[in-house]
Amino acid sequence: MAELASGLIRVLDEEGRAVGLWAPTIDAEQLRAGLRAMLLTRLFEDRMFRAHRQGKTSFFLKSTGEEAIGAAQAMVMGKRDMCFPTYRVLSWLMARGYPLINLVNQIFSNEKDPLKGRQLPILYSARDYGFYSLSGNLGVRFAQAVGWAMASAYKGDDSLALAYIGEGSTAEGDFHEALTFASVYHAPVILCVTNNQWAISSYAGIAGSEETTFAAKAAGYGLPGLRVDGNDFLAIWAATEWAVARARANLGATLIEFFTYRAAGHSTSDDPTRYRPADEAALWPLGDPIQRLKQHLIHIGAWDEARHVQFEAELVEIVRAAVKQGEAVGTLGKSKPPVSEMFEGVFETPDWRVREQRAELGD
Amino acid sequence: MAELASGLIRVLDEEGRAVGLWAPTIDAEQLRAGLRAMLLTRLFEDRMFRAHRQGKTSFFLKSTGEEAIGAAQAMVMGKRDMCFPTYRVLSWLMARGYPLINLVNQIFSNEKDPLKGRQLPILYSARDYGFYSLSGNLGVRFAQAVGWAMASAYKGDDSLALAYIGEGSTAEGDFHEALTFASVYHAPVILCVTNNQWAISSYAGIAGSEETTFAAKAAGYGLPGLRVDGNDFLAIWAATEWAVARARANLGATLIEFFTYRAAGHSTSDDPTRYRPADEAALWPLGDPIQRLKQHLIHIGAWDEARHVQFEAELVEIVRAAVKQGEAVGTLGKSKPPVSEMFEGVFETPDWRVREQRAELGD
Amino acid sequence: MADMTMIQALNSALDVMLSENPDVLIFGEDVGYFGGVFRVTEGLQRKHGIKRCFDTPISEGGIIAAAVGMGAYGLRPVPEIQFADYILPAFDQLVSEAARLRYRSNGEFWAPITVRAPYGGGIFGGQTHSQSPEALFAHVTGLCTVIPSNPYDAKGLLISSIESNDPVVFLEPKRIYNGPFDGHHDRQVKSWAGHPKADVPEGHYTVPLGKAAVLREGCDVTVLAYGTMVHVATAAIEEGDIDAELIDLRSIVPLDIETITNSVNRTGRCVIVHEASRFAGFGAELSALLQERCFFHLKSPIQRVAGWDTPYPHAFEWDYFPGPARVTKALKQAMES
Amino acid sequence: MADMTMIQALNSALDVMLSENPDVLIFGEDVGYFGGVFRVTEGLQRKHGIKRCFDTPISEGGIIAAAVGMGAYGLRPVPEIQFADYILPAFDQLVSEAARLRYRSNGEFWAPITVRAPYGGGIFGGQTHSQSPEALFAHVTGLCTVIPSNPYDAKGLLISSIESNDPVVFLEPKRIYNGPFDGHHDRQVKSWAGHPKADVPEGHYTVPLGKAAVLREGCDVTVLAYGTMVHVATAAIEEGDIDAELIDLRSIVPLDIETITNSVNRTGRCVIVHEASRFAGFGAELSALLQERCFFHLKSPIQRVAGWDTPYPHAFEWDYFPGPARVTKALKQAMES
Ligand SMILES: Cc1ncc(C[n+]2csc(CCOP(=O)(O)OP(=O)(O)O)c2C)c(N)n1
Ligand SMILES: Cc1ncc(C[n+]2csc(CCOP(=O)(O)OP(=O)(O)O)c2C)c(N)n1
Ligand SMILES: [Mg+2]
Ligand SMILES: [Mg+2]
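Residues numbered from 1 in each chain as written. Chains lettered and ligands numbered in written order. Predicted model: local features only at pLDDT ≥ 70, side-chain atom pairs only at ≥ 80, totals over all residues. Heavy atoms only, no water.

Undergrad: It is not clear to me how the overall build of chain A should be interpreted in this structure. Could you clarify?
TA: Of the regular secondary structure elements, chain A holds 13 helices and seven strands. With the C-alpha coordinates of chain A rotated into their principal frame, the extents come out at 65 × 50 × 40 Å. Counting contacts in chain A only where the partners sit at least 6 residues apart, residues at least 24 apart contribute 73% of the total. Taken as a whole, chain A presents about 12,000 Å² of accessible surface, with 52% of it coming from carbon and sulfur. Side chains of chain A give 37 positive and 44 negative charges; the mean places of these two sets differ by 4 Å. (Helix = DSSP H or I, 4+ residues; strand = E, 2+ residues; numbered from the N terminus. Contact = heavy atoms within 4.5 Å. Areas by Shrake-Rupley, 256 points an atom, 1.4 Å probe, with all protein chains shown as cover. Lys, Arg positive; Asp, Glu negative; His and termini not counted. Charge placed at Lys NZ, Arg CZ, Asp CG, Glu CD.)

Undergrad: What am I meant to see in the coordination of the magnesium ion (ligand 3) here?
TA: Residue and element names in this part refer to chain A. Around the magnesium ion (ligand 3), the protein contributes the donor atoms E167 (OE), N196 (OD1) and W198 (O), which lie 2.1 to 2.2 Å from the metal centre. All donor residues of the magnesium ion (ligand 3) come from one chain, and their arrangement in sequence is E-x28-N-x1-W. With E167 in the loop between β2 (161-166) and α7 (173-184) and N196 in the loop between β3 (189-195) and β4 (198-199), the pair connects residues that are 29 residues apart, well separated along the chain. Classification of E167 as buried rests on a relative accessible area of 2%. N196 gets classed as buried once you look at its relative accessible area, which sits at 5%. (Donors = N, O, S within 2.8 Å, 3.2 Å for Na, K, Ca; no water. Buried < 20%, exposed > 50% of the residue type's maximum accessible area, 1.4 Å probe, protein only.)

Undergrad: Would you explain the interface of chain D and chain C in this entry?
TA: Put simply, an interface is often sized by how much accessible area is lost when its parts join up. Contacts between the two partners involve 47 residues from chain D, matched on the other side by 47 residues from chain C. Between chain D and chain C, roughly 4,100 Å² of surface is buried when both sides are summed, and carbon and sulfur atoms account for 62% of that area. Together, Y103(D), H139(D) and F279(D) form the three largest contributors to the area buried by chain D at its contact with chain C, with a combined 18%. On the surface where chain D and chain C come into contact, there are four salt bridges. The closest approach of N and O atoms between E285(D) and R304(C), which form a salt bridge, is 2.8 Å. (Buried area = accessible area lost by both parts, 1.4 Å probe. Salt bridge = Lys/Arg side-chain N within 4 Å of Asp/Glu carboxyl O.)

Undergrad: How should I be thinking about the environment of E172(B) in this particular structure?
TA: Turning to its location among the elements, E172(B) is positioned in the loop between β2 (161-166) and α7 (173-184). What makes E172(B) buried here is its relative accessible area of 3%. Sequence separation between E172(B) and E3(B) is 169 residues, and the spatial gap between their C-alpha atoms is 26 Å. Setting aside its immediate chain neighbours within four residues, E172(B) contacts H176(A), E177(A), I58(C), S59(C), E60(C) and P89(C).

Undergrad: Mind showing me how you'd approach the relation of the copies chain D and chain C here?
TA: Here the second copy of the chain follows from the first by a rotation about an axis and a shift along it. Mapping chain D onto chain C leaves a residual RMSD of 0.0 Å; the transformation is a rotation of 180 degrees accompanied by 0.0 Å of translation along its axis. Such a combination of rotation and displacement between the chain copies is what one expects of a two-fold axis. In this assembly, 100% of the residues forming the interface of chain D have copies in chain C that are likewise at the interface, indicating an isologous arrangement. (Least-squares fit on C-alpha atoms with pLDDT ≥ 70 in both.)

Undergrad: What's the story with the site of ligand 1 in this structure? I'm lost.
TA: Close contacts around ligand 1 come from 20 residues, with Y87(A), G136(A), S169(A), W198(A) and E60(D) the closest. Here E60(D) contributes a side-chain N or O atom positioned 2.6 Å from a nitrogen atom of ligand 1. Coverage of ligand 1 by the protein amounts to 96% of the 590 Å² it exposes when considered alone. Among the residues forming the shell around ligand 1, the class breakdown is seven nonpolar, eight polar and five charged. (Near = heavy atom within 4 Å. Polar contact = N/O pair within 3.5 Å; in protein donor to acceptor, adjacent residues only side chain to side chain. Nonpolar A, V, L, I, M, F, W, Y, C, P; charged D, E, K, R; others polar.)

Undergrad: How do you make sense of the coordination of the magnesium ion (ligand 4) when you look at a structure like this?
TA: Each angle at a metal carrying four tetrahedral donors should ideally be 109.5 degrees, and each at a metal carrying six octahedral donors should ideally be 90 or 180 degrees. All names here are of chain B. Only E167 (OE), N196 (OD1) and W198 (O) from the protein reach the magnesium ion (ligand 4) as donors, at distances of 2.1 Å. Positions of the donor residues of the magnesium ion (ligand 4), expressed as sequence spacing, correspond to E-x28-N-x1-W. Here W198 lies in strand β4 (residues 198-199) and E167 lies in the loop between β2 and α7, a separation of 31 residues in the sequence. Taking relative accessible area as the criterion, W198 reaches 10% and is therefore assigned buried.

Undergrad: Teacher, can you tell me more about helix α8 (residues 233-248) of chain A here?
TA: Structurally, the α-helix is built with 3.6 residues per turn, so residues lying three or four positions apart point the same way. Residue and element names in this part refer to chain A. In this model α8 runs 22 Å from its N-terminal to its C-terminal C-alpha over 16 residues, within 8% of the 22 Å that 1.5 Å per residue would give. Counting buried residues along α8, 12 of its 16 residues qualify, which places the element largely inside the surrounding structure. Regarding α8, the residues found buried are F233, L234, A235, I236, W237, A238, A239, T240, A243, V244, R246 and A247. Where α8 is buried, its residues contact α2 (28-53), α3 (67-76), β3, β6 (225-229), β7 (254-259) and α10 (289-299). Here α8 starts with a cap whose side-chain oxygen sits 3.1 Å from the backbone nitrogen of L234, and that cap is D232. A positive phi of about 60 degrees marks N250, the residue just after α8. (Expected span 1.5 Å × (residues − 1).)

Undergrad: Quick question: what am I supposed to make of the sheet that holds β6(A) here?
TA: Where strands meet in a sheet, backbone hydrogen bonds hold them as pairs that are either parallel or antiparallel. Residue and element names in this part refer to chain A. The parallel open sheet is built from five strands, whose spatial order is β1-β2-β3-β7-β6. The open sheet has two edge strands with one neighbour each: β1 (82-84) and β6. Averaged over neighbouring strand pairs, the angle between their axes works out to 20 degrees when direction is ignored. Where β3 meets β7, six bridges bridge the pair, whose relative direction is parallel. By the bridge assignment for β7, N195 is matched with F259. Sheet contacts for α8: β3, β6 and β7; angle to β7, the most-contacted strand, approximately 170 degrees. (Pairing = 2+ DSSP bridges. Axes fitted to C-alpha atoms, helices over the stretch in contact; angles between N-to-C directions.)

Undergrad: Is there a simple way to think about helix α9 (residues 257-267) of chain D in this case?
TA: Within the span of α9(D), buried status applies to I257(D), I260(D), T261(D), S263(D), V264(D) and T267(D). Projection of α9(D) onto a plane perpendicular to its axis shows the buried side chains occupying an angular sector of 165 degrees, all on one side. If you follow the buried residues of α9(D), they end up packed against α13 (352-360) of chain B together with β8 (221-225), β9 (244-248), β11 (270-277) and α10 (282-294) of chain D. Remark: G268(D) follows α9(D) within two positions and exhibits a positive phi of approximately 75 degrees. (Arc of directions from axis to C-beta.)

Undergrad: Just to check I follow, could you spell out the pairing of strand β9 (residues 244-248) of chain C for this structure?
TA: Remember that side chains alternate between the two faces of the sheet whenever the strand is regular. Residue and element names in this part refer to chain C. Burial analysis of β9 places five of its five residues in the buried class, which makes it a mostly covered element. Residues A244, L246 and D248 of β9 are buried on one face, and the alternating residues E245 and I247, pointing to the opposite face, are buried as well. Here strand β7 (residues 213-216) pairs with β9 via three bridges, running antiparallel. Each residue of the ladder has a partner; that of R216, found in β9, is L246. Across five bridges, the pairing between strand β8 (residues 221-225) and β9 is parallel. Its bridge partner lying in β9, A225 is registered against D248. Taken together, β8, helix α8 (residues 229-239) and β9 form a β-α-β motif whose crossover is right-handed. (Right-handed = clockwise from strand over helix to strand, strands pointing away.)

Undergrad: What should I look at first to understand the environment of T206(D) in this one?
TA: Residues and elements named next belong to chain D. Tracing the backbone shows T206 in the loop between β6 (168-173) and β7 (213-216). Measuring from C-alpha to C-alpha, the distance between T206 and S161 comes to 9.1 Å, with 45 residues separating the pair along the chain. In this view, T206 contacts G156, I159, S160 and E163; residues no more than four positions away in its chain are not counted.

Undergrad: Could you clarify how one ought to interpret the pattern of salt bridges in this entry?
TA: One side chain can pair with another of opposite charge once the charged atoms of both are near each other. One pass over the full model with this rule turns up 80 salt bridges over all chains. A salt bridge links R104(C) to E97(C), with the shortest nitrogen-to-oxygen separation between them at 3.0 Å. Given the relative accessible area of 0%, R104(C) is considered buried. Each of R10(A), D229(A), D232(A) and R292(A) takes part in salt bridges that share partners, so that together they form one network.

Undergrad: I tried to follow the packing of helix α2 (residues 28-53) of chain B against helix α5 (residues 100-108) of chain B on my own but got confused; where do I start?
TA: Between two packed helices, what matters for the description is the angle formed by their axes and the separation of those axes. Residue and element names in this part refer to chain B. Across the interface, α2 lies against α5 with an axial gap of 12 Å and an inter-helix angle of 25 degrees. Between α2 and α5, the angle is such that the two are roughly parallel. For the crossing formed where α2 meets α5, the hand is right-handed. Here L40, F44, M48 and A51 of α2 lie close against α5, whose contacting residues are L100, L103, V104, I107 and F108. (Parallel < 35°, antiparallel > 145°, perpendicular 65-115°, else oblique. Left-handed = near helix turned anticlockwise from the far one by under 90°.)

Undergrad: Hey, could you run me through the sheet that holds strand β3 (residues 189-195) of chain B in this one?
TA: All names here are of chain B. Taken in spatial order, the five strands of this open sheet run β1-β2-β3-β7-β6, and their pairing is parallel. The open sheet has two free edges, formed respectively by β1 (82-84) and β6 (225-229), since each of these has just one partner strand. Ignoring strand direction, the axes of neighbouring strands in this sheet form an average angle of 20 degrees. With five bridges connecting them, β6 and strand β7 (residues 254-259) associate as parallel partners.

Undergrad: Where do I start with the interface of chain C and chain A in this structure?
TA: Taken together, the 45 residues of chain C in the interface contact 44 residues of chain A. Of the roughly 3,700 Å² buried between chain C and chain A, counting both surfaces, carbon and sulfur atoms make up 57%. Three residues stand out in chain C for area buried against chain A, namely Y73(C), Y103(C) and R104(C), and they jointly supply 22% of the buried area on that side. Summed over the shared surface of chain C and chain A, the number is three salt bridges. Between E356(A) and R293(C) there is a salt bridge whose closest N-O contact spans 2.6 Å. Put simply, the parts of the chain that give the side of chain C that touches chain A at least two residues each are β2 (53-55), α3 (60-73), α4 (91-98), α5 (101-104) and α10 (282-294) of chain C. Of the residues forming the side of chain C that touches chain A, the biggest block, 10 residues, is contributed by α3(C). Among the residues forming the side of chain C that touches chain A, the class breakdown is 22 nonpolar, 12 polar and 11 charged.

What follows is the structure, given as structure tokens:
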């Protein structure tokens, strides 16, 4: 067991072959769906990042290099399971087929923003897609996932909870509280650390990665810890299937560390060359998860370069269309939900303060 | 290493012999001093517990069965090291020779209370005795000890910090924060979990003891974890010496779990028979730490029953004298510091609010 | 039907809700087998089972985080924090999460949780077993804060809180758990037996959140209080000869602005009483609101009677605690000019 | 000597203190090599070394706990919390420990720490990068809360805070880090260059805590503000024809009660302006204090201009943010009757 927490679970080798004990059986259709979710995420994020430069949104952030994690897990997890995301798992929503236009409208904070302009761009909420409400504060939702899983178990419902936390954020007390509750109550939850090795400007060492792995922390709670190549779609898939089987069998929680690399800057407010070599991303050994899955698909004869080129062109078009549609509604400042929305939803029914202030604002 | 965290480090065997690799060399004088601190703690606490029944104080709490921990560590640690205590390590102060009368006056909240009546009984503060300010809230000071140690290291001062936390309180986020900082900054601190198996009415399992040991949590931070018989004065001594040597050599922190048993109720507000068998304490296998050290002293020919009886009589007298002296000053409600003390120490110099309110109260 | 203490009334409310609604769960430190350090959950685990009422690790942050997750799932968790002083490790979960979930997710998720916690002084509990943190919660948009002053209200308000779809911090004045306390600490301890508000129905009933109770009508001055201070104010009024109108707020968020404004417009004078330290305490908001709304009716400055701006000092319990004498003094000051 | 922005002034204060006092340590998330997400600590690690200015794990509770321990040891830690919104995980350390240590230990230990945190809105930061939590700290006995409004004060107040032996929460209005902002978001962005208060001495100097600054004398109405709102109030006053006296509180604890009371006794009217949501905000305490002390001089109700009682809403930045128009409206209301 300790081996699994200190080593690195990999399935895809350099040639794109699926090798070793962990190799899952996934049909080509699913693999292509995974590739699509990852590529769509990459293209969408690049497009919106440019939109930010053009002043169409106040904030944006990319998950470049980490797209395999959310994509594979969204496909392995059941439709009724709930994911407690970080801001860096857009590929989950892509794999679940969340409408691009909803993302665009939320990012533009326009009139059609599904969150009514109340939340910072990319802090989505999509209950029907198994995606819990995001917010800017780190860590706090990790232990909420355990509560959700406890509730599911209490109701005899077989749905699971899955939560993500960045390696940097594991230093918050919330991390320990989540693992303690998950362990003590044998909650059906999968707790994932996305170790992309950077926390804004701080290397993972600031959270203790030089002392041991993040997966190794599981043992201190009597839980299994798996350390997985986070750029390996198949390895993520297999590890998640393992944790799901364990949870569904009421054996309890699993901690999974996804070892990956934050290829882009932290966000639109960040310039990574200030604190790390400009070519570090290029030199990253575990490779690009999209390239690796593509290579595998080609290797098993389920894909080829020509199809990929056409495929990518199609996705670019889909993204462009969605962005155009969102721009037609309006971008930041050009369009927004009615001001009344500022006062809605504070409580289930507005109290006199909100009613008076709404009148005071002359709305 | 893992062995040390999952097993149990013991030195004293059933016959009171010091056996095994961990057997420390302690001269008889020190052993007798340790016995004195432990026995004095036991007698003092029993006496003050009765004082509470007589309404002489608002609150009291005993450390029965855990006296070896603070006593041995207070003797091993240097005079300039700082202990961040829990409310259950009075034996530290006894071993350091803290005046009994100060304890009594604080417990009676009388005019001579060294803390000026501002703090609940037993929440002592004794800087000159290496005893950090206690308070009622659990956990929070565990990570402060790491800060103290970081400061000491920064100043090139070789003094160390030592902190205690109850096994139940390890579930607080503070525990994780302390271990994370201790690990990342290689702080010269000794972090101790006193696992007395109970947290008021909750068995240690509520904090995860059924999943693994508390010492085992150290590995998740790349720190050594020692699991020690907390009723074995010599084992505590040896483990502490090990951790001190490691810290002074700048090798960093150590987590020590002291496996012991809370023989008394949680406090004067508690009746343990409501939640555990009345005879559980009597059946506790690791024995009474005082008896075990006494037996060892006798075994090495440095003690005998006659001396012990006389010794105990002397200590009873010392306690009675101190309590009498405190009663002469006054007990709860009969005597208290001047009301002006209520307004002092909020800030270094009182601001207008405190000055006005003091006048308003007519003081 | 026998009278109930506040503890029995709270226990009854929890019992009723556990019986009527399978989505109600009760948990916290020592609340299960033991029944809670103040016995509020006594017998509930035995009657409803360990899945409905259970112990938690000592981790207030974890307790509230779990409650928020359960609430978002669809349950109605009723976590207990052993002392209100120990809510602070969970403050971020309450403020940044429980209170904001509905708003930020546009109603996709919300946290219908009721966080019970004994609070307040008068028990020689010292600094960390006596504090009154209500002002910290009142400033947080999205949180309700409820404070009962008697057994009848305690049960009805607790049931309303549990049935509310908004997060509620339910503060229980521990000094009056077993009997009313009017601040005369030197007099004999009273029990709830025989008190009109101790006559508590067995079954389900509610006392609405946001409705203050006018406990005594009067025309000279309006006295606003909640929790233990309701009894202290009552004593001060009865011992004096000022015809005061006494209002028990019962919940500070939502606040019954109408009742208090109407009263002060009528009396033209107001005394606000709470245990918490004065500076930036909830009394400040009440005072500010009333001078904004009743300015032209005010005959004298609105008075605040509160704890001093010091930590809660153990040995000075009765110098710190705002007893009847301080309320009487404020009433007189309000009547001057 | 060139003008400084608020960021440069704060950086200079830290630089001066690091140079003069070996017991000063600076740490926080991304403050070391990177120099902080707002660049306030830029260059300090390079100049003073990694032992004086270093990165920490993402653990606000751990950061403040470590600071308290270091402070108790004898150092003067100056931890940074990346955004004031993220102080909440450390709220218990600040309230139950830093603020209470001196009192409960009768002066054996104390926590001379200065917790820096950017706060406030006006930057489209959304809910968790825009909040103004000062009222939560103001209610805590034993904590000081300081809020500068310009580069000169920022440096002088920060040095005073670091040299203070009491724990200080030092809130930096991030909207005016790089230039004053008067709330006219549709106008061109201003820089600090040329601003009288941007003329900042290189070396050591202090601005005392607890002394408000009267920025403009006037006899019609007193306007109380701090942080970014000082500039918004200035604009509103300049654009109107009301002879207002503008007071920048600079620190809310300790509060300069004398200056504000004298002013309101003179003008008889008062408008309080802050960004934080209104209910139980710090404006409530100011309003309560002034009606208690100036009641018989008041000609009209004390007005509060504040953020609405909703979470900070991203797209509605300028509907939520209390700009000049709302201040002007309040000034007019204060003058009526
Ligand atoms: C409680 C809290 N503290 C600090 C921040 C500021 N912050 C935003 S992102 C970030 C770095 C997070 O790093 P990591 O957890 O590794 O996630 P990643 O960005 O690498 O996905 C920090 C410090 C925050 N948002 N919330
Ligand atoms: C933050 C906090 N939460 C809860 C409490 C209430 N409380 C006091 S002692 C105690 C049990 C502590 O158990 P443990 O940590 O094992 O220490 P022990 O009493 O066994 O020495 C609890 C829950 C508290 N004092 N502080
Ligand atoms: Mg990261
Ligand atoms: Mg214990």
